[in-house]
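Structural features, examined
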Amino acid sequence: MDETTLPLTELLATDLDDGFTELVRTQAGTVRSVLLRLSGSARDADDLGQETFLRAYSALRAYPPERRGQLQPRAWLLTIAANVWRNHVRTLSRRPGVADGIEVTAIDIPDGSPGPEQRALDGARRARLVAALSGLPDHHRLPVVLRHIGELSYQEVAAILDCPVGTVKAQVSRGLAALRAEPGLAADRKTYGTAGEAGGTTAKTAHEPARTERKEATG
């Protein structure tokens with residue numbers, strides 16, 4: 001059997017270099033989306049993403065094959081990404097005069113035929129969403145992004161944050177409540193209704209908090 005058809009974890013265990021290439025191919029988009037929503041900056045997201053994968057490769061080289069074969073790749077990578085981002089925030093906090101800028105124009109609209117999701121996601125709405133996310137305190141923003149952008153379970157988020165599942169649920173709930181309270185996002189819901197609900201995955205990460213918070217509220 002061709003080794004490229006092996007499951008990712010088995011490939012990581014048997015051939016680290018090929019496995020890492022596949023890891024990057026399948027997980028880079030998720031890692032970047034999470035870091036983009038955390039940092040609000042495409043440039044920072046790219047830099048932090050590169051650091052995440054460099055750290056991941058160094059860690060994988062030190063792991064025995066058995067451990068590489070038992071990884072949960074996405075949750076493991078997002079644990080590293082979260083730590084990289086938190087280190088980045090601590091570094092910025094020690095630099096006087098560094099602005100916490102939000103590069104709204106750097107958030108890409110996916111290519112392809114315009115659908116209702118893309119028509120709804122105009123530049124002003126993106127600006128409001130990114131600003132709202134970036135305005136959340138870190139202890140709310142990180143759980144919200146990991147849960148609704150990284151699509152991790154509450155258990156996985158709790159493991160990353162090293163806290164009880166109940167604490168994560170409370171943090172996510174409070175973060176989503178804060179987003180719901182943003183006047184601009186409330187106006188978007190009235191204006192666009194459920195336009196973003198029927199879409200596929202192409203527009204998902206661009207507006208996931210705005211629509212998954214409704215699921216959270218009714219779930």
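Since the structure is predicted, the reported quantities are computational estimates derived from the model, not experimental observations.

**Looking at the environment of Arg55**
- Summarising the element assignment, Arg55 is placed in helix H3 (residues 42-62).
- Residue class for Arg55 comes out partly exposed when judged on its relative accessible area of 36%.
- Remark: the alpha-carbon pair of Arg55 and Ile80, spanning 25 residues in sequence, is separated by 7.5 Å.
- The residues contacting Arg55, other than those within four sequence positions of it, are Ile80, Val84 and Asn87.
- In this structure the side chain of Arg55 is engaged in a polar contact, spanning 2.8 Å, whose partner is the side chain of Glu51.

**What to know about the side chain of Thr52**
- When you line up the elements, Thr52 lands in helix H3.
- In this structure Thr52 touches Val31, Leu35, Leu77, Ile80, Ala81 and Val84, once residues within four positions along its chain are discounted.

**Focus on the pattern of salt bridges**
- The full count for this structure, using the stated rule, is 5 salt bridges.
- In this structure, the salt-bridge partner of Glu22 is Arg25, at a minimum N-O distance of 2.6 Å. Of this pair, Glu22 and Arg25 both sit in helix H2 (residues 16-39), 3 residues apart, roughly one helical turn.
- Taking the relative accessible area as the measure of exposure, Glu22 reaches 25% and is therefore partly exposed.

**Structural notes on unusual backbone geometry**
- One non-glycine residue, Glu151, lies in the positive phi region at around 55°.
- Overall, Glu151 belongs to the partly exposed group, its relative accessible area being 33%.
- Of note in this structure, Asp162 is not a glycine but carries a positive phi near 55°.
- Considering the arrangement of structural elements, one finds Asp162 in the loop between helix H9 (154-161) and helix H10 (165-181).
- Accessibility expressed as a relative area gives 69% for Asp162, which makes it exposed.

**Digging into the packing of aromatic side chains**
- The full count for this structure, using the stated rule, is 3 aromatic pairs.
- Here Phe20 and Phe53 contribute two aromatic rings whose centre-to-centre distance is 6.2 Å and whose plane-to-plane angle is 75°, an arrangement assigned as edge-to-face. Remark: Phe53 occurs in helix H3 and Phe20 occurs in helix H2; sequence separation between them is 33 residues. The same class applies to Phe20 as to Phe53, namely buried.
- By the ring-pair criterion, three or more aromatic residues cluster together here, those being Phe20, Phe53 and Tyr57.
- Residue placement shows Arg147 over the ring face of Tyr154; its charged tip is 4.2 Å from the ring centre.
- Stacked on the ring of Tyr154, the Lys or Arg Lys169 has its end atom at 5.5 Å from the ring centre.

**Let's talk about the confidence of the model for the protein**
- The predicted model of the protein averages 76 in pLDDT, with 65% of residues at 70 or higher.
- By mean pLDDT, helix H12 (residues 204-218) is the weakest element of the protein at 39, and H3 is the strongest at 96.
- Throughout residues 96-114 the model reports pLDDT below 50, and contacts reaching past four residues in sequence, or to other chains, amount to 29 contacts.
- Below pLDDT 50 for its whole length, residues 116-120 participates in 16 contacts with residues either more than four positions away or in separate chains.

**Things to note about helix H8 (residues 138-148)**
- The element H8 is largely enclosed, with a buried count of 8 among its 11 residues.
- Of the positions making up H8, those classed as buried are His140, Arg141, Leu142, Pro143, Val144, Val145, Leu146 and His148.

The rules we used
Residues numbered from 1 in each chain as written. Predicted model: local features only at pLDDT ≥ 70, side-chain atom pairs only at ≥ 80, totals over all residues. Heavy atoms only, no water. Helix = DSSP H or I, 4+ residues; strand = E, 2+ residues; numbered from the N terminus. Buried < 20%, exposed > 50% of the residue type's maximum accessible area, 1.4 Å probe, protein only. Contact = heavy atoms within 4.5 Å. Polar contact = N/O pair within 3.5 Å; in protein donor to acceptor, adjacent residues only side chain to side chain. Salt bridge = Lys/Arg side-chain N within 4 Å of Asp/Glu carboxyl O. Phe/Tyr/Trp six-rings, centres within 6.5 Å; stacked < 30°, edge-to-face > 60°. Lys NZ or Arg CZ within 6 Å of the ring centre and 35° of its normal. pLDDT = per-residue confidence, 0-100.

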